[in-house]
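# Reading the structure
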Amino acid sequence: MKIAAADVFVSSPGRNYVTLRVTTDDGRTGLGDATLNGRELAVAAYLREHVAPLLIGRDAHAIEDTWQYLYRGVYWRRGPVTMAAIAAVDTALWDLKAKAAGMPLYQLLGGASRTHVRAYGHANGGTIEELLESVAARVAEGFGAVRVQAGVAGLGPVYGVADGDGPYEPARRQATPPVERWDTRAYLRHIPTVFAAVRDRFGPELDVLHDVHHRLTPMQAARLGATLEEFDPYWLEDVTPAENQEALALVRRHTTVPIATGEVFNTVLDYQYLIRDQLIDFARSSVTHAGGITALRRIFDHAALYQIRSAVHGPSDISPVGFAAALHLDLALHNFGIQEYMPHPAEAAEVFHVAYRYADGALHPGEAPGLGVEFDEPAAARHPYRPAPLPVCRLADGTVHDW
Ligand code: GCO
Ligand code: MG
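Attention here is on the structure that accompanies the text. (Residues numbered from 1 in each chain as written. Chains lettered and ligands numbered in written order. Predicted model: local features only at pLDDT ≥ 70, side-chain atom pairs only at ≥ 80, totals over all residues. Heavy atoms only, no water.)

### Quick look at the site of ligand 1
What counts here: Residue proximity to a molecule or strand is established when one non-hydrogen atom of the residue lies within 4 Å of it. What qualifies as a polar contact is a pair of N or O atoms within 3.5 Å, subject to a donor-acceptor requirement within protein and to the restriction that residues adjacent in sequence count only when both atoms come from side chains. In short, Shrake-Rupley with a 1.4 Å probe defines the accessible areas, and a residue's cover is counted only from the protein chains shown. Each residue is assigned to one of three groups, with Ala, Val, Leu, Ile, Met, Phe, Trp, Tyr, Cys and Pro labelled nonpolar, Asp, Glu, Lys and Arg labelled charged, and all others, Gly among them, labelled polar.
The environment of ligand 1 is formed by 14 residues, the closest being Asn 37, His 213, Glu 237, Glu 263 and Glu 340. For ligand 1, an oxygen atom lies 3.0 Å from a polar atom in the side chain of Asp 317. In isolation ligand 1 offers 340 Å² of accessible surface; the protein chains occlude 95% of this area. Class assignment of the residues belonging to the shell around ligand 1 gives a composition of four nonpolar, three polar and seven charged.

Written out as structure tokens, the structure reads:
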């Protein structure tokens, strides 16, 4: 099974996706996701110009060797662009190997450790009342775990809150990044009232998650955690900027609130102290951004030594290919925690035909061989790439803040 072609597609069915399709000399195809939200064309060029030519003629079964060749072999290691490109190749090769074996991918990863993959849904609202309606909608869909994000009075659109009736989508189809306003003190005053209202309406059993999106200092995060403990959050996510692992040691000293992080990490080394020093409870990297199935499995195996569980990043900017890969891993891992589930835009279903399914707060990758995703090339061509940057955040005096 030698690699005969590696084609890169950038399509925009509702939002942008970068898809790698590897074809073998015996006519099989494998898919990988290389979507890097707002920087899609950089990964597409990396794959087309620097990776695809090296793949031709290689043994498609040699997954580990190909991973090491693309990681160690280039000298310039790590980084979101490189690791998304490696992830796409790795995922496509796992898809091919599982198809050649005639099995769903989770079987090659050790088989199912559970009957289904528990998921959390997103709820948001410009006001607390709107948020409560949104939580009620997720609960009606069967979710027992819901992420809650609410607007802060006076700030206008903020991270996690939908603009209009549709689902929340941070990237905007416009030439330059939209600007959002931020005020940490207003947020810190507001968020306990959000948790109080959600607990008051939905009781103690609902698992309530919240994403801080990297905006606080360690001491602000520590105080927030301590304040929210009485509402028993399932986790607080990304409380401080991701570059400084030691920040979470300060947070940990002051609160027992569970901490989740990792969606912007791209290697196990980004977790080096977080895992060893037990500073987190959930590791949130994705197949797409952390170097593929091979590398993410290693991160979670390392985390398992310290009772840290998986919580794979699953926003709409992970394509159905990357999302299916996550579900196979989720089903097989012993230390699975929970899976984020944010449905894709409706048009994505024209391009990606998926075997995975959602029901009653849970997902299953399905029994189709490989990942269980088919890519429709003509449909993708009907949805050409459109630039869509992520927002930037500014304080009242114009200072750029962490987004
Ligand atoms: C999440 C994330 C996303 C990111 C998005 C950026 O928890 O799902 O924070 O909503 O903002 O992936 O591209
Ligand atoms: Mg997040």
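That was the structure; now back to the text.
### Side note on the sheet that holds strand E17 (residues 392-394)
For the record, the criterion: Strands are labelled as partners when DSSP assigns at least two bridges between them. Counting from the N terminus, the helices are DSSP H or I runs at least four residues long and the strands are E runs at least two residues long.
Strand order in the open sheet formed by three strands is E6-E17-E18, with mixed pairing between adjacent strands. At either end of the open sheet lies a strand with only one pairing partner, and these are strand E6 (179-181) and strand E18 (400-401). Pairing geometry for E17 and E18, over two bridges, is antiparallel. Across the sheet, residue Arg 394 finds its bridge partner in E18, namely Val 400.

### Considering the nonpolar core
As a reminder of what qualifies: Think of a nonpolar core as a cluster: buried Ala, Val, Leu, Ile, Met, Phe, Trp, Tyr and Cys residues, connected wherever their side-chain atoms sit within 4.5 Å. Think of it in three bands: with a 1.4 Å probe and only protein chains considered, a residue is buried below 20% of the maximum accessible area for its type, exposed above 50%, and partly exposed in between. Bear in mind that the domain bounds are from an automatic or database domain assignment. Between two residues, a contact is recorded if the distance between any of their heavy atoms is within 4.5 Å.
Within the largest apolar cluster, 122 residues are counted, with the highest numbers of intra-cluster contacts made by Leu 47, Val 148, Tyr 187 and Leu 224. Tallying contributions element by element places helix H3 (residues 80-101) first for this core, with eleven residues. Summarising the domain contributions, this core has at least three residues from each of domain 1 (3-103) and domain 2 (108-368). Apart from the residues lying within four places of it in its own chain, the contact partners of Leu 47 are Val 8, Ala 34, Ala 52, Pro 53, Ala 85, Ala 88 and Val 89.

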